[in-house]
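Listed below are the residues making up each chain.
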Amino acid sequence: AATAPGKKITARIKRTLPVRGPQAPTLSELMRWYCLNTNTHGCRRIVVSRGRLRRLLWILLTLGAVGLILWQCAELLLNYYSASVSVTVQFQKLPFPAVTICNINPYKYSSMKDYLSELDKETKKALETFYGFSEGKSKVRRSVDEWNSTGNDFFEQIPLLKFEDFSRTATDLRSGQKRKIEGSVFHKDSSIVNSGDSNDIIGFQLCDANNSSECALYTFSSGVNAIQEWYKLHYMNIMAQIPLETKEKLSYSADDLLLTCFFDGLSCDKRHFTRFHHPLHGNCYTFNSGENGTILSTSTGGSEYGLQVVLYIDEADYNPFLVTSTGAKIIVHDQNEYPFIEDIGTEIETAAATSIGMHFTRSRKLSKPYSDCTETGDDIPVENLYNKSYSLQICLHSCFQKAMVDSCGCAQYAQPLPAGAEYCNYKKNPNWMYCYYRLHEKFVKEQLGCQQICKDACSFKEWALTTSIAQWPSTVSEDWMLRVLSWDKGQKINKKLNKTDLANLMVFYKDLNERFISENPANTLVILLSNFGGQLGLWMSCSVVCVIEIVEVFFIDSLSIVMRRQWQKAKKWWNDRKRDRSGKPPQAGDLERQGHDNPICLDEDLPTFNTALRLPLPQDNPLPRTPPPNYSTLRLETAFTEQLPDTLEVGQH
Amino acid sequence: MNLKKYFIRALHRLQKGPGYTYKELLVWYCDNTNTHGPKRIIKEGPKKKFIWFFLTLLFASLVFWQWGILINTYLSYNVTSSLSIGFKTMKFPAVTVCNANPFKYSEVKHLLKELDRLIEAALERILQPTPGNSSEKISPPLDLELWHQIPLVLIDEHDKDNPIILDIFESNQTAGGNQTAGGNETSCSHQGSDNCTYRNFTSAAQAVTEWYILQSTSILSKVPLQERIRMGYQAEDMILACLYGAEPCNYKNFTQIYHPDHGNCYIFNWGMDEEALNSSNPGAEFGLKLILDISQQDYIPYLSSAAGARLMLHQQKSFPFLKDQGIYAMAGTETSIGVLVDELERMGYPYSDCTMNGSDVPVKNLYSQYNTSYSIQACLRSCFQNDMVEICGCGHYMFPLPEGRNHCNNEDNPGWAYCYSSLRSSIGHRQICIDSCKETCNDTQYKMTISMADWPSEASEDWIFHILSYERDMSTNVTLDRNGIIKLNIYFQEYNYRTVSESAATTIVWLLSSLGGQFGFWMGGSVLCLIEFGEIIIDSLWITIINVISWCKGLKQKRAQARYPDAPPTVAELVEAHTNLGFQHEDTGALPGDEVLPPEPGTPPPNYDSLRVQPLDVLGPDSDTE
């Protein structure tokens with residue numbers, strides 16, 4: 001008894017089922033069926049509506065809704081790769097960054113004398129010739145006089161020139177004679193900012209050694225810049241020839257630089273520092289470099305718990321032409337980062353306590369496809385010449401160095417050596433200066449393509465520094481402080497320290513809050529699908545099922561209908577041909593087809609009673625090859641469903 | 001009435017047995033539900049039916065899976081941050097100014113006299129190790145009591161295994177040129193036991209400074225607070241000129257606070273008693289301008305070697321932790337500080353683990369005695385002090401005291417220095433404090449752009465010093481000099497705030513729309529569909545209940561039948577058999593000839609079962625089945 005009603009309902013449902021999709025005889029029939037039975041709204045209204053205007057309106061509305069859905073979904077897809085930023089603050093024990101400290105002066109002037117005396121003599125001569133400056137009782141001068149000028153050809157090649165801007169004649173430093181200037185003029189100073197017209201312009205000329213007519217003239221509006229630049233050029237040339245070990249010896253040792261050291265309330269010494277040789281700054285010392293595998297951390301903020309060092313800056317041993325300021329340079333960086341001290345260092349004043357409060361921020365960007373950054377730098381086609389983790393600076397410097405080696409044949413002094421290359425010096429590469437300046441100009445104008453190749457790193461750590469200065473030592477404590485520090489320095493120096501030789505530095509965390517700024521994907525697949533669902537539902541109450549229906553109806557079923565018709569046509573055509581071949585009169589077939597287009601009529605059998613009964617009236621059927629209607633279905637449908645009579649028109653005919 | 005009716009109906013239904021079956025129910029549901037999939041299951045051919053069944057199941061499980069993800073996302077309480085930058089009228093930050101030196105040397109000299117003589121003698125010994133120099137002749141015998149508690153020693157570590165320890169006063173042996181390791185400091189625990197530690201310093205300068213701080217702390221902690229405040233710098237001596245915007249202010253506008261590190265500190269615009277001042281214009285003209293005198297000649301020589309003013313910008317009603325956040329201003333300069341208020345407004349629990357006012361932090365805030373708000377620094381220091389009081393029995397001089405406790409000094413707590421230094425260097429204790437303190441939800445930082453220039457200029461020097469001296473001391477003598485005078489400008493930058501504020505990334509509205517979106521996307525469903533489904537479940541439960549009851553009834557009847565196996569059929573049974581036969585005909589009579597029959601009437605087929613059992617109750621089942 002339990003199954004009987006179930007069966008009944010199944011049977012009823014089977015009966016009430018209208019013409020099914022693929023069984024629909026024609027495309028329009030299929031569409032009608034689809035529209036009546038689909039779950040999407042709108043389509044049904046097209047079929048159900050009466051009156052042309054209404055139907056048209058509904059068609060337009062439905063199409064509009066479809067258009068809106070497509071547009072909105074496209075928008076959603078396009079905006080899929082967007083990121084939202086979140087800022088978190090974590091209070092925790094923080095790793096102390098590496099602190100690299102350099103003396104601004106790279107090498108002890110007294111020990112560099114052997115190498116630089118000739119250059120200094122030349123510089124002094126230039127100063128005397130052009131500006132009437134003479135340093136009467138300078139010991140440098142005296143030592144220079146003792147020296148015989150050997151190998152002066154190099155200085156002759158690139159002399160300092162003083163010339164009038166418009167007459168294009170210059171006074172040579174050596175001969176004092178005027179000479180004509182050929183080649184293009186580069187105003188080193190005024191290439192960016194127009195410096196106005198000053199009469200006395202000093203500069204130097206760089207010529208292509210292979211082709212002496214190719215010359216570039218670098219002019220400066222101020223002699224200070226010109227002499228420093230010129231000095232630096234020759235200085236790099238000289239330094240490039242000195243091996244690294246010698247240079248390290250010529251520079252300051254850890255004992256020289258560091259007088260006292262104090263970290264996290266405990267005393268520290270030179271063993272906590274790692275030497276790092278910088279081409280332009282000589283020996284630098286990195287505190288907490290992590291080289292021995294441990295990275296110190298701070299668990300209390302405040303100046304007492306940070307790094308406190310007293311630096312000894314031997315002002316008397318400074319190179320007068322290379323550096324014109326006194327003090328030290330420091331940079332706070334991550335252990336894996338290369339300290340670009342010449343680019344982003346902070347200067348430390350002497351005779352002062354510099355207190356540097358740090359605030360730690362960690363940032364993280366999303367890499368592709370969200371933004372164009374690189375996680376490790378492996379995907380950048382530039383070899384990392386520095387033995388440190390990737391950064392934009394490293395990439396740019398490496399890229400330039402590579403271009404330099406490629407086009408000039410030697411490497412620039414300030415950056416590390418690529419494999420198999422050596423630093424430029426005038427003896428081996430007489431052309432390098434000209435080449436370097438041209439290349440550098442190209443680099444600055446972004447013609448080398450380095451700026452395009454190099455991408456920024458996705459994650460980076462930043463220590464925001466708040467620097468403030470106090471007088472140190474204070475007037476009342478100066479006396480004992482200097483005495484004790486001199487004693488600390490030991491017996492090596494017999495003289496009492498001067499306060500302008502000392503710098504006190506405190507680097508500490510202001511607070512242990514780590515700010516972490518990270519990008520997160522704003523959209524996930526789940527949310528995207530929800531948004532799709534929302535859009536589909538809003539405009540048409542549609543879902544994936546509807547999409548499948550659409551695919552089914554519009555592609556598979558329509559195709560099958562079309563195919564079926566084609567197949568029947570082909571079959572008919574084949575039959576016709578067969579009939580033609582068999583010698584039947586073609587006209588009869590034609591006539592028959594014209595009169596009765598129904599394939600059933602083409603059956604060879606004579607219509608039986610049953611078939612005749614089932615046959616619909618041919619003229620009423622728009623398309624004749626329909627299967628016989630299911631009358632029992634029709635009957636029940638009229639009985640039970642509330643469909644409007646016009647939807648049943650087809651069946652009733 | 002209704003309830004009674006309802007119960008009667010329920011009873012009737014129970015008696016009647018199931019009006020329909022599970023299958024019927026399911027088919028009905030599939031046909032009539034608004035969810036998109038099920039309808040296709042029953043409306044398609046057998047192959048497609050299977051596909052649709054499979055698809056519907058797949059979509060349903062997808063929906064549930066994605067719902068799971070969405071709910072998980074919601075429960076992870078993510079936040080999104082929004083950044084706003086601009087200028088608005090804001091409260092001017094509280095400005096704390098202190099002198100780097102806590103007390104006037106002229107005032108504390110009598111207390112530190114012994115100590116100073118001791119350290120001078122020690123320095124003499126260190127610097128000129130040869131005995132028999134002049135200092136011994138002049139100085140009266142030194143009070144070595146202070147020395148013996150914490151002596152300074154020299155440790156010669158040339159021989160790593162047997163370091164030679166030289167007490168500076170006791171052994172007059174010359175250290176010679178072998179001295180590499182500098183001064184060292186020892187501290188012993190109670191009563192000169194063997195429990196000693198040496199605190200090593202590589203630099204004598206540091207050792208001396210640390211030693212002096214330790215000793216002077218102990219001496220000064222015995223002085224009552226009132227006296228200490230008197231010994232420090234007074235507001236009228238320190239703050240020479242003050243201008244806020246266009247309005248003049250003076251030292252009376254500053255609130256005095258005693259800071260253990262820096263003595264008397266003065267806070268401008270603390271907002272404790274009166275409303276905090278607003279600044280509605282950027283630029284130095286509308287900021288605070290101060291002229292301070294730090295009188296460097298009056299510094300305690302061994303205590304602080306750096307000279308300058310210490311200042312700090314902080315929020316109203318918060319305690320200034322100068323050692324952490326303070327900056328220096330150098331004497332003889334004008335320091336301009338452009339301020340950008342960097343705020344981070346976070347949402348509290350459950351979005352992030354921060355505290356709104358510190359009430360949920362398990363550390364007793366000792367700084368609440370200053371009436372200041374909670375901050376992480378206050379929490380850490382309170383945590384340390386609480387530990388110190390617990391372990392060493394006395395509180396450290398630098399931090400406020402819990403009630404009824406005293407600051408440590410050498411007489412009452414001879415071993416405190418040892419206890420303190422071991423506690424201070426203990427990483428474990430620090431970690432406990434870090435773990436138990438929580439950061440505040442609203443984190444405000446003042447980003448400062450600091451620039452300096454020489455001040456006063458040489459040309460204006462004379463008259464400025466003259467006027468300032470005259471105003472302060474009412475005398476025509478110049479009492480100020482370059483080494484003591486500081487000008488400060490504190491002002492808002494053109495953009496004075498940068499606020500990062502958090503908002504919940506996933507609200508309940510978001511969750512609902514996402515859930516709806518998912519359900520709609522896969523199945524075109526809505527909440528109503530869920531309700532429909534729930535209805536079906538209730539209905540099927542009904543069926544189950546009714547079935548179980550009828551099964552029980554059947555079991556009873558069977559037992560009854562078992563007792564009388566050949567019991568004659570009841571009238572009802574006979575009637576049933578009869579009626580069944582009658583209806584059998586309708587079922588089997590689906591002959592092709594029936595197709596010609598006129599359409600059946602437009603009512604659903606009557607529930608014959610119910611009709612049969614209780615023919616009079618026709619209306620009841622109709623309303624039930626709806």
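Rules and cut-offs
Residues numbered from 1 in each chain as written. Chains lettered and ligands numbered in written order. Predicted model: local features only at pLDDT ≥ 70, side-chain atom pairs only at ≥ 80, totals over all residues. Heavy atoms only, no water. Domains from an automatic or database assignment. Contact = heavy atoms within 4.5 Å. Buried area = accessible area lost by both parts, 1.4 Å probe. Polar contact = N/O pair within 3.5 Å; in protein donor to acceptor, adjacent residues only side chain to side chain. Nonpolar A, V, L, I, M, F, W, Y, C, P; charged D, E, K, R; others polar. Buried < 20%, exposed > 50% of the residue type's maximum accessible area, 1.4 Å probe, protein only. Helix = DSSP H or I, 4+ residues; strand = E, 2+ residues; numbered from the N terminus. Pairing = 2+ DSSP bridges. Phe/Tyr/Trp six-rings, centres within 6.5 Å; stacked < 30°, edge-to-face > 60°. Salt bridge = Lys/Arg side-chain N within 4 Å of Asp/Glu carboxyl O. Axes fitted to C-alpha atoms, helices over the stretch in contact; angles between N-to-C directions. Core = buried A, V, L, I, M, F, W, Y, C linked by side-chain atoms within 4.5 Å. Parallel < 35°, antiparallel > 145°, perpendicular 65-115°, else oblique. Left-handed = near helix turned anticlockwise from the far one by under 90°. Disulfide = S-S within 2.5 Å. Patch = residues over 30% accessible without salt bridge, like charges linked within 9 Å, V, L, I, M, F, W, Y side chains within 5 Å. Areas by Shrake-Rupley, 256 points an atom, 1.4 Å probe, with all protein chains shown as cover. UniProt positions renumbered as here; feature names shortened; annotations may be inferred.

A.B. asks: Lay out the domain arrangement of chain A in plain terms, naming residues and giving numbers.
C.D. replies: Residues and elements named next belong to chain A. For chain A, the assigned domains are domain 1 (35-80 + 523-561), domain 2 (91-105 + 256-313 + 327-373 + 458-521), domain 3 (110-132 + 155-241) and domain 4 (376-448). Contact residues are listed per partner, giving 9 residues for domain 2 and 9 residues for domain 4. Carbon and sulfur atoms supply 62% of the area that domain 2 and domain 4 bury against each other, a total of about 880 Å² over both sides. Of all residues in domain 2, the largest losses of buried area upon contact with domain 4 belong to Pro 279, Tyr 338 and Phe 340, amounting jointly to 53% of the total for that side. Taken together, the links from domain 2 to domain 4 amount to 5 residue pairs in polar contact (both at pLDDT 80 or more). By residue class, the composition of the side of domain 2 that touches domain 4 is 4 nonpolar, 2 polar and 3 charged.

A.B. asks: Lay out the pairing of strand 12 (residues 273-278) of chain A in plain terms, naming residues and giving numbers.
C.D. replies: Residue and element names in this part refer to chain A. Buried residues dominate strand 12, accounting for 5 of its 6 residues. Looking at chain direction, strand 12 and strand 13 (residues 282-287) are connected through 6 bridges and run antiparallel. When the bridges of strand 13 are listed, His 278 appears paired with Gly 282. In sequence, strand 12 turns back onto strand 13 through a hairpin of 3 residues.

A.B. asks: Run through the packing of aromatic side chains, naming residues and quoting values.
C.D. replies: For the structure on display, the rule yields 43 aromatic pairs over all chains. On the basis of an interplanar angle of 45 degrees and a centroid distance of 5.3 Å, the ring pair of B:Phe254 and B:Phe268 is categorised as tilted. Linking B:Phe254 in strand 10 (residues 254-259) with B:Phe268 in strand 11 (residues 263-268), this pair joins segments that are 14 residues apart in sequence. With respect to burial, B:Phe254 and B:Phe268 carry one shared label: buried. These aromatic residues form a ring-pair network of at least three members: A:Phe96, A:Phe263, A:Phe273, A:Phe287 and A:Tyr509.

A.B. asks: Kindly report on the interface of chain A and chain B, identifying the contributing residues and their values.
C.D. replies: Contacts between the two partners involve 91 residues from chain A, matched on the other side by 99 residues from chain B. Both faces combined, the contact of chain A with chain B buries some 8,200 Å², and carbon together with sulfur accounts for 58% of it. Taken together, the connections running from chain A to chain B amount to 6 salt bridges. In this structure, A:Glu304 engages B:Lys323 in a salt bridge whose closest nitrogen and oxygen atoms are separated by 4.0 Å.

A.B. asks: Which residues make up the sheet that holds strand 13 of chain A, and what values go with them?
C.D. replies: By way of backbone hydrogen bonds, the strands of a sheet pair with one another, either parallel or antiparallel. All names here are of chain A. The 5 strands are arranged 12-13-3-16-17 in an open sheet whose pairing can be described as antiparallel. The strands lining the two open edges of the sheet, one partner per strand, are strand 12 and strand 17 (346-348). Between one strand axis and the next, the sheet turns by 30 degrees as a mean value, whatever way the strands run.

A.B. asks: An account of the nonpolar core is needed here, citing residue identities and associated values.
C.D. replies: Membership of the largest hydrophobic core comes to 110 residues, with the highest contact counts inside it found for A:Leu485, A:Leu502, B:Val97, B:Leu288, B:Leu290 and B:Ile490. Those residues in contact with B:Leu288 that lie beyond four places of it in its chain are B:Phe92, B:Val95, B:Cys242, B:Leu243, B:Tyr244, B:Cys249, B:Phe268, B:Leu488, B:Asn489 and B:Ile490. Counting 56 residues, the second-largest nonpolar core is a separate cluster that includes A:Met239, A:Tyr390, A:Cys399 and A:Met433.

A.B. asks: Can you lay out the packing of helix 4 (residues 46-75) of chain B against helix 16 (residues 508-523) of chain B for me, pointing to particular residues and giving the numbers?
C.D. replies: When two helices pack together, their arrangement is given by the angle between the helix axes and the distance between those axes. Residue and element names in this part refer to chain B. Close contact between helix 4 and helix 16 brings their axes to 9 Å; oriented N to C, the two are set at 165 degrees. In terms of orientation, helix 4 and helix 16 fall into the roughly antiparallel class. Taken as a pair, helix 4 and helix 16 cross one another with a handedness that is right-handed. Between helix 4 and helix 16, the residues in contact are Thr 56, Phe 59, Ala 60, Leu 62, Val 63, Gln 66, Trp 67, Leu 70, Ile 71, Thr 73 and Tyr 74 and Ile 508, Trp 510, Leu 511, Ser 514, Leu 515, Gln 518, Phe 519, Trp 522 and Met 523, respectively. Looking at the contact of helix 4 with helix 16 residue by residue, the classes come out as 15 nonpolar, 5 polar and no charged.

A.B. asks: Break down the state of the cysteines for me, with residues and values.
C.D. replies: Cysteine pairs can be covalently joined through their sulfur atoms, and such a bond is termed a disulfide. If you walk through the whole model with that rule in mind, you get 14 disulfides over all chains. B:Cys98 shares a disulfide with B:Cys265; S-S distance 1.9 Å. Its torsion about the S-S bond being 115 degrees, the disulfide of B:Cys98 and B:Cys265 is classed as right-handed. Residue B:Cys98 is located in strand 3 (residues 94-99), and its partner B:Cys265 is located in strand 11; the two are separated by 167 residues in the primary sequence. With a relative accessible area of 0%, B:Cys98 lands in the buried category. Left unpaired, A:Cys73 is separated from the closest cysteine sulfur, that of A:Cys542, by 9.6 Å. The buried category is assigned to A:Cys73, whose relative accessible area is 13%. With no disulfide partner, A:Cys546 has as its closest neighbouring cysteine sulfur the one in A:Cys542, 3.4 Å distant. You can call A:Cys546 buried: its relative accessible area is 0%.

A.B. asks: Quick rundown of a nonpolar patch on the surface? Include the residues and the values.
C.D. replies: Residue and element names in this part refer to chain A. A surface patch of nonpolar side chains, amounting to about 520 Å² of accessible area, comprises Val 547, Ile 550, Val 551, Phe 554, Phe 555 and Ile 556. Assignment of secondary structure puts Ile 556 in helix 17 (residues 544-581). Classification of Ile 556 as exposed rests on a relative accessible area of 53%.

A.B. asks: So what's going on with unusual backbone geometry? Which residues, and what values?
C.D. replies: Across the junction of A:Lys368 and A:Pro369, the peptide omega takes the value 0 degrees, indicating a cis bond. Residue A:Ala351 is not a glycine yet carries a positive backbone phi of 55 degrees. Checked against the element boundaries, A:Ala351 lands in the loop between strand 17 and strand 18 (352-364). In this structure A:Ala351 comes out as buried when scored by relative accessible area, which is 18%. Phi is positive for B:Asn371, close to 70 degrees, though the residue is something other than glycine. Mapped onto the secondary structure, B:Asn371 falls in the loop between strand 16 (333-345) and helix 12 (376-392).

A.B. asks: I'd like a description of the sheet that holds strand 14 (residues 309-314) of chain B, backed by residues and values.
C.D. replies: Residues and elements named next belong to chain B. Taken together, 5 strands build an open sheet; the order of strands is 10-11-3-14-15 and the sheet is antiparallel. A strand with exactly one partner marks an edge of an open sheet, and here the two such strands are strand 10 and strand 15 (327-329). Between one strand axis and the next, the sheet turns by 30 degrees as a mean value, whatever way the strands run. Here strand 3 runs beside strand 14; their pairing, made up of 6 bridges, is antiparallel. Looking at the pairing, Ala 94 lines up with His 314 of strand 14.

A.B. asks: Go over the UniProt feature "transmembrane region" (unreviewed entry) in chain A with me, naming the residues and quoting the values.
C.D. replies: Here the UniProt feature "transmembrane region" (unreviewed entry) sits at residues 56-81 of chain A. Taken end to end, residues 56-81 of chain A has its terminal C-alpha atoms 39 Å apart, with 88% of it in helix and 0% in strand.

A.B. asks: Could you give an account of the side chain of A:Gln415, with specific residues and numbers?
C.D. replies: Relative to the assigned elements, A:Gln415 resides in the loop between helix 12 (392-408) and helix 13 (432-444). In contact with A:Gln415, other than residues within four places in its own chain, are A:Tyr386, A:His397, A:Phe400, A:Gln401 and A:Tyr423.

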